[in-house]
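Summary of the model geometry
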2 protein chains.
Amino acid sequence: MRVNETRVNRAMGNTSCTCEYCQLKNIFFAHVKSDELTNICDLKVERSFSKGESIIQEGDPITEFVYMKKGLVKLSKATIDGKDQIISFSKPFDFVSLLSVFSSTQYKYSVTAIEQTTVCILQLDVVRKYAEENALFAMDMMSNISQMTDKIIHDSLEIKRKHLKGRIAHVLLYFSDYIYKKDEFELPISRREIAEYIGMTTENVIRTLSEFRKDEIIKIFGKDILIADKKRLKNISEFG
Amino acid sequence: MRVNETRVNRAMGNTSCTCEYCQLKNIFFAHVKSDELTNICDLKVERSFSKGESIIQEGDPITEFVYMKKGLVKLSKATIDGKDQIISFSKPFDFVSLLSVFSSTQYKYSVTAIEQTTVCILQLDVVRKYAEENALFAMDMMSNISQMTDKIIHDSLEIKRKHLKGRIAHVLLYFSDYIYKKDEFELPISRREIAEYIGMTTENVIRTLSEFRKDEIIKIFGKDILIADKKRLKNISEFG
DNA sequence: ATTACTCTCTGATAATTATCATAGCAGGTT
DNA sequence: AACCTGCTATGATAATTATCAGAGAGTAAT
């Protein structure tokens, strides 16, 4: 991680060992023995980031293994012409390091909190040691990587084949159905960031949202979105 | 794999054990002991496919582990409206199963030979057994998955941020620099397939290639392409 | 209070890309 | 031969999307 003046809790360390109830044990560490888990729990460092704070910076050496405990982050990459492209979003209990950790020594993307976020951090060599000694754990990691990249590739194909309206519908349904699981939610990102995700201009994102509002498919109150006609939105996402 | 009347060599099995010089030993099976490798070599089945033949069909149950020994394939996915989207291309010594094998029980994409292709096939449970018993091998697989998905995601972002001309330039440079490593080559895919890869219409692919020809950036003889001005092509790929 | 931001929003216009129509050509089939 | 079919190719036109310009609202800093 880059030295960042906005980063907080740098030295707070393991302030609250809540591993006891952490779902990671069942998901990711299912094949790690319980005494080793206690060890992992002691070694982990928990950190919090406010909305907008940088968690990982593109180019950072990969020395840590970061997983989402709470919140929401965006994975993004700077283009040659100084803009940003958003690759995907991650939520608990994704491992935001997984995309690069076994193919590179440096992060190829940045990770930024788009909601108040808590992550847990393990030293990479610790995780690597466990993986090298415990093939079942390594297999679980593989499954995790696969699921993560699978979703990224799938969404990328979906977005690619759709027109502007379909892409916006896709994004709204993504947050509504996949992230928040309700029809009314606060968009965690700006119109510009939506544009960076789906590869369109900010103006057209705004225009399309306005159009959906005029057509009474959604209601907009700033960042608050209410999906009023999900059936129509799904139809637009599929075929529009 | 689906029963396919075009598939050949179904029952040929291990007709030519050329494992002895296979590069896979150094790349993928580096941490598998040599006596186990002999076992793997005995269990593997080699199969050949002509250009156009289906190797894996979307929806097939994943029971085998397929790697590229020779040739070139496309990974593609059918869209809801009956078209195809090309995800990526794979060459020796990629593992074309890797994209799904640890995240799903069924293939989510099809694999089709776009050149005369030879693959080697291992039963998935054999590979899984080795991985479960040999964490270093599992780690090597992880690295392989990561590199493969990394490249897919990277290319997808590059294509997404470019305009039509830049995308065509990207594809030409992909085949020239990454696949064939020469300036003159035979395009292994049709204009329509290029369109399916970069998310444009066939007509515009053809038009853009014609434009490059008129601008003397490339020469075209049917499927044969000669890159005459690579510098300009690279410039278009980056900024056009 | 003023300045300087960024974000949201809208309209007018330009550029890009898709669609539709047409045609030549090659390969395969009957 | 005549008839498909798929691929390549080009032009005209329509649709989509980007760019440019401007404006209000909010927020932070001076």
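Described in the following lines is the structure provided in the data block.

1. Here we look at the overall build of chain A
- Looking only at helices and strands, one finds nine helices and 10 strands in chain A.
- A globule of 240 residues ought to have a C-alpha radius of gyration of about 18 Å, and chain A, at 19 Å, matches this closely.
- Taken over the C-alpha atoms alone, chain A extends approximately 60 × 35 × 30 Å along its principal axes.
- Looking at chain A residue by residue over its 240 residues, the buried ones come to 56%.
- Within chain A, residue pairs in contact and separated by at least 24 positions form 72% of the contacts whose partners lie at least 6 positions apart.
- For chain A, the exposed area adds up to about 10,700 Å²; of that, 50% sits on carbon and sulfur atoms.
- Charge centroids of chain A, computed over 36 positive and 34 negative side chains, lie 4 Å from each other.

2. As for the sheet that holds strand E2 (residues 54-56) of chain A
- Taken in spatial order, the four strands make up an open sheet running E2-E6-E4-E5 (chain A), and their pairing is antiparallel. The open sheet has two edge strands with one neighbour each: E2 and strand E5 (84-90) of chain A. Strand after strand, the sheet turns through a mean of 35° between neighbouring axes, direction not considered.
- Where strand E4 (residues 73-78) of chain A lies against E5(A), six bridges are found, and the strand directions are antiparallel. If you follow A:Ala78 over to E5(A), its bridge partner there is A:Asp84.
- Along the sheet, helix H5 (residues 135-161) of chain B makes contact with E4 and E5 of chain A, crossing E5(A) at roughly 135°.

3. Quick look at the pattern of salt bridges
- Applying the stated criterion across every chain, the model contains 28 salt bridges over all chains.
- Between B:Glu46 and B:Lys69 there is a salt bridge, and its shortest N-O distance comes to 2.9 Å. With B:Glu46 in strand E1 (residues 45-49) and B:Lys69 in strand E3 (residues 64-70), the pair connects residues that are 23 residues apart, well separated along the chain.
- The exposure class assigned to B:Glu46 is buried, which follows from its relative accessible area of 13%.
- Where salt bridges share partners, they join A:Asp81, B:Glu158, B:Arg161, B:Lys162 and B:Glu238 into one cluster.

4. With respect to empty space enclosed by the protein
- Within this structure, the stated rule accounts for two cavities of 30 Å³ or more.
- Roughly 170 Å³ of volume is contained in the largest cavity.
- Surrounding the largest cavity, 19 residues form its lining, A:Ile153, A:Ser156, B:Ile152, B:Ile153 and B:Ser156 being those nearest its centre.
- Among the elements of the structure, helix H5 (135-161) of chain A together with strand E5 (84-90) and H5 of chain B are those that each provide at least two residues to the lining of the largest cavity.
- In terms of residue class, the lining of the largest cavity is built from 13 nonpolar, two polar and four charged.

5. Observations concerning the packing of helix H6 (residues 164-180) of chain B against helix H7 (residues 191-198) of chain B
All names here are of chain B.
- Closest axis-to-axis distance for the H6/H7 pair is 11 Å, and the angle between their directions is 110°. Between H6 and H7, the crossing angle belongs to the class labelled roughly perpendicular. As H6 runs across H7, the sense of the crossing is right-handed. For the pair formed by H6 and H7, the contact residues are Leu164, Arg167, Ile168 and Val171 on the first element and Ile194, Tyr197 and Ile198 on the second.
- The class makeup of the residues in the contact of H6 with H7 is six nonpolar, no polar and one charged.

6. Focus on the interface of chain A and chain B
- Chain A puts 39 residues into the contact, and the matching count from chain B is 39 residues.
- A per-residue breakdown of the area chain A buries against chain B is headed by A:Met139, A:Met142 and A:Lys160, which together make up 18% of the total.
- Note that B:Arg161 and A:Asp81 form a salt bridge whose closest N and O atoms lie 3.9 Å from each other.
- Our count for the contact surface shared by chain A and chain B stands at 11 residue pairs in polar contact (both at pLDDT 80 or more).
- Those elements that provide at least two residues to the side of chain A that touches chain B are E5, helix H3 (98-101), helix H4 (124-133), H5 and helix H9 (230-239) of chain A.

7. Looking at the protein's contact with DNA strand D
- As a matter of local geometry, DNA strand D sits amid 17 residues, with A:Asn204, B:Arg191, B:Arg207, B:Ser210 and B:Lys223 nearest to it.
- At 2.7 Å from a phosphate oxygen of DNA strand D is found a side-chain nitrogen or oxygen belonging to A:Asn204.
- A distance of 2.6 Å separates a phosphate oxygen of DNA strand D from a polar atom in the side chain of B:Lys223.
- In terms of residue count, the dominant contributor to the surface near DNA strand D is helix H8 (residues 202-214) of chain B (five residues).
- Of the residues assigned to the surface near DNA strand D, the class counts are three nonpolar, six polar and eight charged.

8. Considerations on the protein's contact with DNA strand C
- Taken together, 17 residues lie around DNA strand C, and A:Arg207, A:Ser210, A:Lys223, B:Asn204 and B:Arg207 are the ones closest in.
- Backbone sugar and phosphate groups make up 63% of those atoms of DNA strand C lying within 4 Å of the protein.
- A distance of 2.9 Å separates a base oxygen of DNA strand C from a polar atom in the side chain of B:Arg207.
- If you list the elements that add at least two residues to the surface near DNA strand C, you get helix H7 (191-198) and helix H8 (202-214) of chain A together with H8 of chain B.
- It is H8(A) that contributes the most residues to the surface near DNA strand C, five residues altogether.
- Broken down by class, the residue content of the surface near DNA strand C amounts to three nonpolar, six polar and eight charged.

9. Some details on the relation of the copies chain A and chain B
- Note on the identical chains: chain A maps onto chain B by a rotation of 180° and an axial translation of 0.0 Å, with an RMSD of 0.0 Å. Given the turn and translation reported, the copies of this chain are related as if by a two-fold rotation axis. Looking at the rotation axis and the C-alpha trace of chain A, the residue lying nearest is A:Ala135, at 2.0 Å.
- Interface overlap between copies: 97% of the residues of chain A at the interface are likewise at the interface in chain B, consistent with a symmetric, same-surface contact.

Rules of the game
Residues numbered from 1 in each chain as written. Chains lettered and ligands numbered in written order. Predicted model: local features only at pLDDT ≥ 70, side-chain atom pairs only at ≥ 80, totals over all residues. Heavy atoms only, no water. Helix = DSSP H or I, 4+ residues; strand = E, 2+ residues; numbered from the N terminus. Rg over C-alpha atoms; globule rule 2.2 N^0.38 Å. Buried < 20%, exposed > 50% of the residue type's maximum accessible area, 1.4 Å probe, protein only. Contact = heavy atoms within 4.5 Å. Areas by Shrake-Rupley, 256 points an atom, 1.4 Å probe, with all protein chains shown as cover. Lys, Arg positive; Asp, Glu negative; His and termini not counted. Charge placed at Lys NZ, Arg CZ, Asp CG, Glu CD. Pairing = 2+ DSSP bridges. Axes fitted to C-alpha atoms, helices over the stretch in contact; angles between N-to-C directions. Salt bridge = Lys/Arg side-chain N within 4 Å of Asp/Glu carboxyl O. 1 Å grid on protein atoms, 1.4 Å probe; cavity = no way out; pocket = protein on both sides within 12 Å on 5 of 7 lines; lining within 4 Å. Points joined across faces, edges and corners; volume = space filled by probe spheres on them. Nonpolar A, V, L, I, M, F, W, Y, C, P; charged D, E, K, R; others polar. Parallel < 35°, antiparallel > 145°, perpendicular 65-115°, else oblique. Left-handed = near helix turned anticlockwise from the far one by under 90°. Buried area = accessible area lost by both parts, 1.4 Å probe. Polar contact = N/O pair within 3.5 Å; in protein donor to acceptor, adjacent residues only side chain to side chain. Near = heavy atom within 4 Å. Least-squares fit on C-alpha atoms with pLDDT ≥ 70 in both.

This is a description of form; function is not addressed.
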